[in-house]
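One-letter residues, chain by chain:
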Amino acid sequence: KFAGKNCYRFYSHEVAEDAMRRMRMEQNLRGAWERGEMSVVYQPIYRTSDRALMGAEALLRWTRPTEGAIPPELFIPVAEQSGLIEDIGVHVLQAACAEAASWPELPGGGHAFVSVNVSGQQMRNVALFTQVTDALRHSGLAAERLHLEVTETAVIRDVTHAADLLARLRGVGVRVWLDDFGTGYSSLNHLRRVQVDGLKIDRSFIADLLEDPGDLALTSATMAMAHSLGIVVVAEGVEQRGQYDLLREREGDFVQGYWLSHPLSAMEFARLLD
Ligand code: C2E
Ligand code: CA
Ligand code: CA
């Protein structure tokens, strides 16, 4: 059906096995949070200019007692397609806000932010705005300290609705970042219609920054564009010193990646802040 009207495919065992695997995963995902199989880890985000710790991205982890850790790349799509991401997403939001509210003040003054991923499925739910404001109220976290990461793909599904929702969220002080920038249907039209506070350059651009002049040119151009729009740029997937040096030279705002720190447990991140 995806391939078009007059297209047919032969049945194969792999397709059936894949469908079975997804169905089993969906069943296992139900109640996974309540069973204590899920947790949230925090990957530090640093200011590029002086490598000061500024905040963290909240990332979901799922560990099954029998199978061990299941990668988000496998279970997030299943959670999205089954609609389970809506419940799980609320838990992540609440957990991240509660955690961030307990963080100590930064050495330079002010408080660290926490950045939470919001999937397209969650954006289409009219309850999202209330879920966000409830999480802020219950935790006592200042709205400015909560950042939401939304993908362009989620935005283009319904640009009018997304623009309205994100404007309301920004209206109460929550910051919005466009995630995986450059990988979807990147269109300047989205940046015109949907107001955001920052762009996260996808790690596929950062990976070859030192070897591929094309990726360097695109990354530099994205940073220049963001700055003339008055919004910040976060480079993710920084794995080498050389990549960081280059991003600092080009005046990128924030960096995140294994070279700086892997994702940490809530306790480890609090200790790092301390
Ligand atoms: P993402 O939003 O692009 O998150 C960044 C991913 O890059 C994380 O993978 C992180 O661990 C990984 N990463 C960070 N630094 C580096 C690096 O230097 N090199 C490399 N190769 N990778 C790095 P993770 O945690 O496996 O998450 C994968 C994806 O799952 C996320 O991609 C996001 O789309 C989704 N996801 C994770 N948590 C949530 C959540 O709570 N809600 C939703 N809706 N999606 C989530
Ligand atoms: Ca993200
Ligand atoms: Ca990303």
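Note that this is a predicted model, so its numbers are computed, not measured.

Caption draft 1: Just the site of ligand 1, in detail. In the vicinity of ligand 1 lie 23 residues, with Q43, R61, R203, E239 and Y258 positioned nearest. Within the contact set of ligand 1, an oxygen atom lies 3.4 Å away from a side-chain nitrogen or oxygen of D180. In the environment of ligand 1, an oxygen atom lies 2.8 Å from a nitrogen or oxygen atom belonging to the backbone of Y258. Protein contacts shield 86% of the accessible area of ligand 1, which totals 810 Å² for the unbound molecule. When residues of the shell around ligand 1 are assigned to their parent elements, the largest contribution, four residues, is made by strand β2 (residues 53-64).

Caption draft 2: Summary view of the coordination of the calcium ion (ligand 2). Distances from the calcium ion (ligand 2) to its protein donors, E57 (OE), N117 (OD1), E149 (OE) and D179 (OD), fall within 2.1 to 2.3 Å. Donor residues for the calcium ion (ligand 2), ordered by position in the chain, follow E-x59-N-x31-E-x29-D. The calcium ion (ligand 3) is placed at 3.8 Å from the calcium ion (ligand 2), the two being bridged by D179. Within this pair, whereas E57 is found in strand β2, its partner E149 is found in strand β5 (residues 146-151), the two being separated by 92 residues in sequence. Residue classification places E149 among the buried positions, given a relative accessible area of 1%.

Caption draft 3: Local environment of the nonpolar core. Core analysis: the biggest nonpolar cluster contains 75 residues, and L29, Y42, W103, V114, V132, L146 and L148 have the highest contact counts within it. If one sorts the elements of this core by residue count, helix α3 (residues 85-101) sits on top with seven residues. Among the nonpolar cores identified, the runner-up in size contains six residues, and I45, M54, W177 and F254 belong to it.

Caption draft 4: Layout of the coordination of the calcium ion (ligand 3). In this structure, D179 (OD), D180 (OD), E236 (OE) and E236 (OE) serve as the protein donors to the calcium ion (ligand 3), at separations of 2.2 to 2.8 Å. Between the donor residues of the calcium ion (ligand 3), the gaps in sequence give the motif D-D-x55-E. On the accessibility criterion, D180 (25% relative accessible area) is partly exposed. Looking at E236, the relative accessible area reads 8%, which means it is buried.

Caption draft 5: Focus on the environment of G252. Turning to its location among the elements, G252 is positioned in the loop between α11 (241-249) and β9 (254-256). On the accessibility criterion, G252 (12% relative accessible area) is buried. Sequence separation of G252 and E67 is 185 residues, and the distance between their C-alpha atoms is 40 Å. With near-sequence residues (within four places) excluded, G252 lies in contact with T48, M223, V233 and L247.

Caption draft 6: Representation of the pairing of strand β8 (residues 232-236). Along β8, four of the five residues are buried, which leaves the element largely enclosed by surrounding structure. Bridge analysis of β8 against β9 gives three bridges, and the strand direction is parallel. Bridging across to β9, V234 finds its partner in F254. As for the winding sense of the linkage, the β-α-β connection from β8 through α11 to β9 is right-handed.

Caption draft 7: Representation of the pairing of strand β7 (residues 198-201) in the model. Going residue by residue along β7, you find G198 and K200 tucked away on one face and L199 and I201 tucked away on the opposite face as well. Bridge count for strand β6 (residues 175-181) against β7 is three bridges, and the pairing is parallel. Considered in β7, the bridge of L178 is made with L199. Relative to β8, β7 runs parallel, the two being bridged by four bridges. Paired with I201 across the bridge in β8 is A235.

Calculation rules
- Residues numbered from 1 in each chain as written.
- Chains lettered and ligands numbered in written order.
- Predicted model: local features only at pLDDT ≥ 70, side-chain atom pairs only at ≥ 80, totals over all residues.
- Heavy atoms only, no water.
- Near = heavy atom within 4 Å.
- Polar contact = N/O pair within 3.5 Å; in protein donor to acceptor, adjacent residues only side chain to side chain.
- Areas by Shrake-Rupley, 256 points an atom, 1.4 Å probe, with all protein chains shown as cover.
- Helix = DSSP H or I, 4+ residues; strand = E, 2+ residues; numbered from the N terminus.
- Donors = N, O, S within 2.8 Å, 3.2 Å for Na, K, Ca; no water.
- Buried < 20%, exposed > 50% of the residue type's maximum accessible area, 1.4 Å probe, protein only.
- Core = buried A, V, L, I, M, F, W, Y, C linked by side-chain atoms within 4.5 Å.
- Contact = heavy atoms within 4.5 Å.
- Pairing = 2+ DSSP bridges.
- Right-handed = clockwise from strand over helix to strand, strands pointing away.

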